[in-house]
Amino acid sequence: MVATVLLAGTLMCSSCIGSFSLFNKYEKWQCNMTSSKIVNGIVGLILQPIVGSVCLTADALVLNTIEFWSGSNPLAANVGDTYEVQGRDGRYYAVTVIKEGYEVKAPTGEVTLFTHDGQTDTWSMSQDGKTIDVFRFNQDGTIEAYLQNGQTMTVTADEAGLMQMEQAVSNANANYFAQR
C-alpha cells in the first residue's frame, strides 16, 4: 500500500520545484489587503492555516505539475501573455492578459474585453461598444451575478452556487426560446 502511494506521488509531482503562483498571489493579497500591517497580520494568523495550506497543496500537486509538463503555470500569467483556448464550440480563441483583465479574440476577429474594477470588485464584459456587469464579489463571500434578463442573483462562491447559476441561465434561455 505504501509503495502504491509513493509511486502515485512520483507520477503526480515533478522534480521541479515550480513557481507556487497561487500561494504567492494569496500571500501578496494577504500582506496588502489593508493599509494596516497589524490588521493584515491578525487576519493572516486566522486565514493562513486554512487558505495557505490549500494554496500550497494546490500549487504542489496540481499547478506546479501542469507547469512542469506544459511549461507554463495557469496562474502565472503576465500582462501581454496570449494563450490559445479551445471554446465549447470547438474553435480556438486568443486570450490576452491585460492590466485590468482579459481580451478575448474570437476566430472571427470579434474582440471581447473582460475587465475587473478593483473598487467595486466587479467583473464586466465589453463588446461592440457596450459594457455590462457580469458579476460582483460581495463582502460576505457571496457572488452577485447579473443575468441577461436584467435580474440579479446572489449565490455562494462554490460548486453549488455555480450549479444555481447554470440552472438559472439555462432556464432563462429555455424560456426565451419558448416565448418566440
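Remember, predicted model here, so these are calculated numbers, not experimental data.

In regular strands, side chains alternate between the two faces of the sheet. Of the pairings in the sheet, the one linking strand β1 (residues 82-86) to strand β2 (residues 92-98) comprises five bridges and is antiparallel in character. Directly across from Thr 82, in β2, lies its bridge partner Thr 96. As consecutive antiparallel partners, β1 and β2 are separated by five residues, and within that stretch Gly 90 has a phi angle of approximately 90°, a positive value.

One pass over the structure, following the stated rule, counts two aromatic pairs. Pairing Tyr 102 with Trp 123 gives two aromatic rings, centres 6.2 Å apart and planes at 15°, and the pair type is stacked. Here the residue Tyr 102 occupies a position in strand β3 (residues 101-105), and Trp 123 occupies one in strand β5 (residues 122-127), the gap between them amounting to 21 residues. Here Phe 135 and Phe 137 contribute two aromatic rings whose centre-to-centre distance is 5.4 Å and whose plane-to-plane angle is 90°, an arrangement assigned as edge-to-face. In this structure Phe 137 comes out as partly exposed when scored by relative accessible area, which is 33%.

Across five bridges, β3 lies against strand β4 (residues 111-117) in antiparallel orientation. Within β4, the position partnered with Tyr 102 by the bridge is Phe 114. The turn joining β3 and β4, which pair antiparallel and follow one another in sequence, is formed by five residues; a positive phi near 100° is taken by Gly 109. Taking the residues that link successive antiparallel strands as the turn, the β4-β5 hairpin has four residues, and the phi of Asp 121 there is positive, at about 55°.

Taken together, the side chains of Ile 38, Ile 42 and Ile 46 present a nonpolar region at the surface, about 330 Å² in accessible area. Assignment of secondary structure puts Ile 42 in helix α3 (residues 37-70). For Ile 42, a relative accessible area of 48% translates into the label partly exposed.

The next thing to look at is unusual backbone geometry. Leaving glycine out, the prevailing phi sign among residues is negative, and the prevailing peptide bond configuration is trans. Phi is positive for Asp 121, which is not a glycine, with a value near 55°. With respect to the helices and strands, Asp 121 occurs in the loop between β4 and β5. For Asp 121, a relative accessible area of 28% gives the class partly exposed.

What counts, and where the lines are drawn
Residues numbered from 1 in each chain as written. Predicted model: local features only at pLDDT ≥ 70, side-chain atom pairs only at ≥ 80, totals over all residues. Heavy atoms only, no water. Pairing = 2+ DSSP bridges. Helix = DSSP H or I, 4+ residues; strand = E, 2+ residues; numbered from the N terminus. Phe/Tyr/Trp six-rings, centres within 6.5 Å; stacked < 30°, edge-to-face > 60°. Buried < 20%, exposed > 50% of the residue type's maximum accessible area, 1.4 Å probe, protein only. Patch = residues over 30% accessible without salt bridge, like charges linked within 9 Å, V, L, I, M, F, W, Y side chains within 5 Å. Areas by Shrake-Rupley, 256 points an atom, 1.4 Å probe, with all protein chains shown as cover. Salt bridge = Lys/Arg side-chain N within 4 Å of Asp/Glu carboxyl O.

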